[in-house]
Structure formats: structure tokens, C-alpha cells
Amino acid sequence: MSDITIYYWPIRFRGNFLKYILEEAGHKYATVSTYPEIKKALDDAKDGYPVFAVPLLKVGSFRCSQMPAAVLHLAKMFHMEPSDGNDKTLALMMLLNCNDILDSITMNGGHYMMWTPEKWKTFQDGRLAKWLGVLDTALGKNPKNAKAEKIYFFGVKPTYVDFGVLAILDGLVDEFGLVEYVGKFPLLSRFFKEMSARPSVQKLWSVQKPKDRSKWAPWCGGQIQKSIETSIAEPKKL
Ligand SMILES: N[C@@H](CCC(=O)N[C@@H](CS)C(=O)NCC(=O)O)C(=O)O
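A quick note: this is a predicted structure, and the numbers were derived from the prediction, not measured.

(A) Representation of the UniProt feature "domain: GST C-terminal" (unreviewed entry) in the chain in the model. According to UniProt, the feature "domain: GST C-terminal" (unreviewed entry) maps to residues 84-218 in the numbering used here. Counted over residues 84-218, helix gives 67% and strand 0%. Its end C-alpha atoms are 36 Å apart.

(B) Just the pattern of salt bridges, in detail. Per the stated rule, a full pass over the model turns up 14 salt bridges. Note that D170 is salt-bridged to R12, the shortest N-O span being 2.8 Å. Here D170, found in helix 7 (residues 160-175), pairs with R12, found in the loop between strand 1 (4-7) and helix 1 (13-25); they are 158 residues apart in sequence, far enough to count as distant. Side by side, D170 and R12 carry an identical accessibility label, which is buried. Between E81 and K88 there is a salt bridge, with the nearest N and O atoms lying 3.8 Å from each other. The partly exposed category is assigned to K88, whose relative accessible area is 32%.

(C) Local environment of the packing of helix 1 against helix 10 (residues 199-208). Orientation of helix 1 relative to helix 10, taken along the N-to-C sense of each, is 125°, at an axis distance of 8 Å. Classified by the interaxial angle, the pair formed by helix 1 and helix 10 is oblique. Read as a crossing pair, helix 1 and helix 10 show a hand that is right-handed. Contacts between helix 1 and helix 10 involve N16, K19, Y20, E23 and E24 from the first element and S200, V201, K203, L204, W205 and Q208 from the second. The residue inventory of the contact of helix 1 with helix 10, partitioned by class, reads four nonpolar, three polar and four charged.

(D) Expanded view of the nonpolar core. Within the largest apolar cluster, 79 residues are counted, with the highest numbers of intra-cluster contacts made by I105, W120, F153, Y160, V165 and L188. Mapped onto the domain boundaries, this core takes at least three residues apiece from domain 1 (4-77) and domain 2 (85-231). Excluding anything up to four places from it in sequence, L188 contacts L132, L135, D136, L139, F153, V165 and L169.

(E) Structural view of the packing of aromatic side chains. The tally for this structure, following the rule as stated, stands at ten aromatic pairs. With a centroid separation of 5.0 Å and an interplanar angle of 85°, the aromatic rings of W115 and W120 are classed as edge-to-face. The pair formed by W115 and W120 is uniform in burial state, with each residue classed as buried. Of the aromatic side chains, those joined through ring pairs into one cluster are F13, F176 and W219. Over the ring of W205 we find K209, and its NZ or CZ is 3.3 Å from the ring centre. The cationic tip of K209 hangs over the ring face of W216; the distance from NZ or CZ to the ring centre is 5.4 Å.

(F) Structural detail: the sheet that holds strand 4 (residues 62-64). Spatial strand order, 2-1-3-4: four strands in an open sheet with mixed pairing. Lying at the two open borders of the sheet, with one neighbouring strand each, are strand 2 (30-32) and strand 4. In this sheet, neighbouring strand axes are inclined to one another by 15° on average, regardless of whether the strands run parallel or antiparallel. Alignment of strand 3 (residues 56-59) against strand 4, held across three bridges, turns out to be antiparallel. Within strand 4, the position partnered with V59 by the bridge is F62. With respect to the sheet, helix 3 (residues 67-77) is in contact with strand 1, strand 3 and strand 4, its orientation differing from that of strand 3 by roughly 30°.

(G) Spotlight on the pairing of strand 1. Burial along strand 1 is two-sided: the face carrying I4 and I6 and the face carrying T5 and Y7 are both buried. Direction of pairing for strand 1 relative to strand 3: antiparallel, over a ladder of four bridges. Across the sheet, residue T5 finds its bridge partner in strand 3, namely K58. Bridge count for strand 1 against strand 2 is three bridges, and the pairing is parallel.

(H) Focus on the domain arrangement of the chain. Domain annotation for the chain reports domain 1 (4-77) and domain 2 (85-231). Of note, the centres of domain 1 and domain 2, computed from C-alpha atoms alone, are 20 Å apart. Of the residues lining the interface, 18 residues belong to domain 1; the matching set on domain 2 comes to 30 residues. With both sides pooled, the region where domain 1 packs onto domain 2 buries about 2,100 Å², and carbon together with sulfur makes up 64% of that total. Area buried by domain 1 at its contact with domain 2 is led by R12, F13 and Y20, which between them contribute 39% of it. For the pair domain 1 and domain 2, the number of links is five salt bridges. With a shortest N-O distance of 2.9 Å, E24 and R198 are connected by a salt bridge. Our count for the domain 1 to domain 2 interface comes out at 13 residue pairs in polar contact (both at pLDDT 80 or more). The set of elements that each furnish at least two residues to the side of domain 1 that touches domain 2 consists of helix 1 and helix 3. Broken down by element, the residue count for the side of domain 1 that touches domain 2 peaks at nine residues, all from helix 1. Class assignment for the residues of the side of domain 1 that touches domain 2 results in twelve nonpolar, one polar and five charged.

Cut-offs used in this document
- Residues numbered from 1 in each chain as written.
- Predicted model: local features only at pLDDT ≥ 70, side-chain atom pairs only at ≥ 80, totals over all residues.
- Heavy atoms only, no water.
- UniProt positions renumbered as here; feature names shortened; annotations may be inferred.
- Helix = DSSP H or I, 4+ residues; strand = E, 2+ residues; numbered from the N terminus.
- Salt bridge = Lys/Arg side-chain N within 4 Å of Asp/Glu carboxyl O.
- Buried < 20%, exposed > 50% of the residue type's maximum accessible area, 1.4 Å probe, protein only.
- Axes fitted to C-alpha atoms, helices over the stretch in contact; angles between N-to-C directions.
- Parallel < 35°, antiparallel > 145°, perpendicular 65-115°, else oblique.
- Left-handed = near helix turned anticlockwise from the far one by under 90°.
- Contact = heavy atoms within 4.5 Å.
- Nonpolar A, V, L, I, M, F, W, Y, C, P; charged D, E, K, R; others polar.
- Core = buried A, V, L, I, M, F, W, Y, C linked by side-chain atoms within 4.5 Å.
- Domains from an automatic or database assignment.
- Phe/Tyr/Trp six-rings, centres within 6.5 Å; stacked < 30°, edge-to-face > 60°.
- Lys NZ or Arg CZ within 6 Å of the ring centre and 35° of its normal.
- Pairing = 2+ DSSP bridges.
- Buried area = accessible area lost by both parts, 1.4 Å probe.
- Polar contact = N/O pair within 3.5 Å; in protein donor to acceptor, adjacent residues only side chain to side chain.

Put into C-alpha cells, the structure is as follows:
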């Protein structure tokens, strides 16, 4: 039995921020993805420190929700934070950026509104492009990337930020087919190719994204995924 459990829906989205770290660390973990068990875990957690939603991380008897808090907990356990003090703060900023980007793409989980082609175009050309520009520029700020074989957000090996950005690009490129659009951000495109090829990432994706596309675990799922798919003008390239 594993000491680490991730409670999350059968989609990729926020759960992958945690799963990529565990896969890279080579640490076995359990996953719980069905409604009754997730509801039970959230209810059980009420006896301890209060939690609100999944992803819910359980390490031994410790539990926490809020994806960035859970990511940080695992990153500390498996030494996937940058080492420099200022970089630690910038890394947290980047993770929170990633969580904001997820909320923007999905209109906060689609609770209040769905996309239309017009609204999506405005978002894709405006706010989303601005966010991707931030990610692309940040990659250019790592001095180690100048002569490196593989590029990362901080230093010369992956941190939790790299896996967070990967989780976003997986949706934009592989799920929604925005290949040419993301291709306008050269460092980000290169980064996505390199990160996608990592054995730990390929291992997780072989389960989540098997050859038969109809069997893929959805990226964000639900009505909001459908509304993104029907609003994007660029056809799927996959
Ligand atoms: N800010 C939270 C968002 C949590 C969240 O919205 N979780 C979604 C799945 S990604 C959910 O299951 N929401 C159910 C709910 O809000 O009741 C985080 O980063 O973990």
C-alpha cells in the first residue's frame, strides 16, 4: 500500500500537477477517482483540518487540498523546488499563474458561463496570449538555458513549475489542437516537446492518453470542455 493518495476526478487537469511530480520521483501512489469515494474522503477530512475540493492530497495521515499547496508539499518531499531563495518565490508565483490560467481557460470550472466562438477568440488573442507570453519570457530568464540541451524554468533540472506549465500545454496542444498557436511561442514550444518526451511523463500519458484517442481521460472534462472544443477555430492537428 502506498503512503500517498491523490483524490481527483478521472480527468488530467489539476490532478496532473501532482501526478507528474510523483511519476518523476518514481514514487508509488494510489489514486481515487470515483464520486462516492471522493465524497467520502472530503467528508472524512472534515474531522481534521478543513478542505474544500479536489485535488485532495493524502500523505500518511496528513491531508490538504488547494492544488498549489499540495504541489508544494510534494515538491518539498521530493526536492523539486528551485534551491535559490528568490527563485523559490518566483516558482510559487509561476505555479499560481498556472492555476489562474486554468481558471481562465475553464471560466472557473464553467460554473457560471460557457465559451462561444467569439468570446474564445477574444480570449485566445488577448488574455491567453498574454499569459503564454509570460511563460515564454520566463523560460528566457533562466540563464542556464542558454547552452543547455534541455530547457527548464529554473536551473538545470525540472521543478514543480515545469510540470505545472506542462499540464497547461498538454491541454492547449494535445487536447485542443492549438499547435500553431502555441508554436508562436518558440521557447514554450521547445519546452513542451522536451517535457512531453520525459519517460515519467510518457508513462503517465500511456495510461491517460492511449493510442486510441477515444479512450483518453479528458483534459478538463464536462460541459466546459465541450464549449472550448466547439469554440476553437483552429482544427485539431492530432
Ligand atoms: N483553487 C482550487 C480549485 C479546486 C477546484 O476547483 N477543483 C475542482 C476540480 S479541478 C472541483 O472538483 N471543484 C468542485 C467544487 O468546487 O465543489 C485548487 O487549486 O485546488
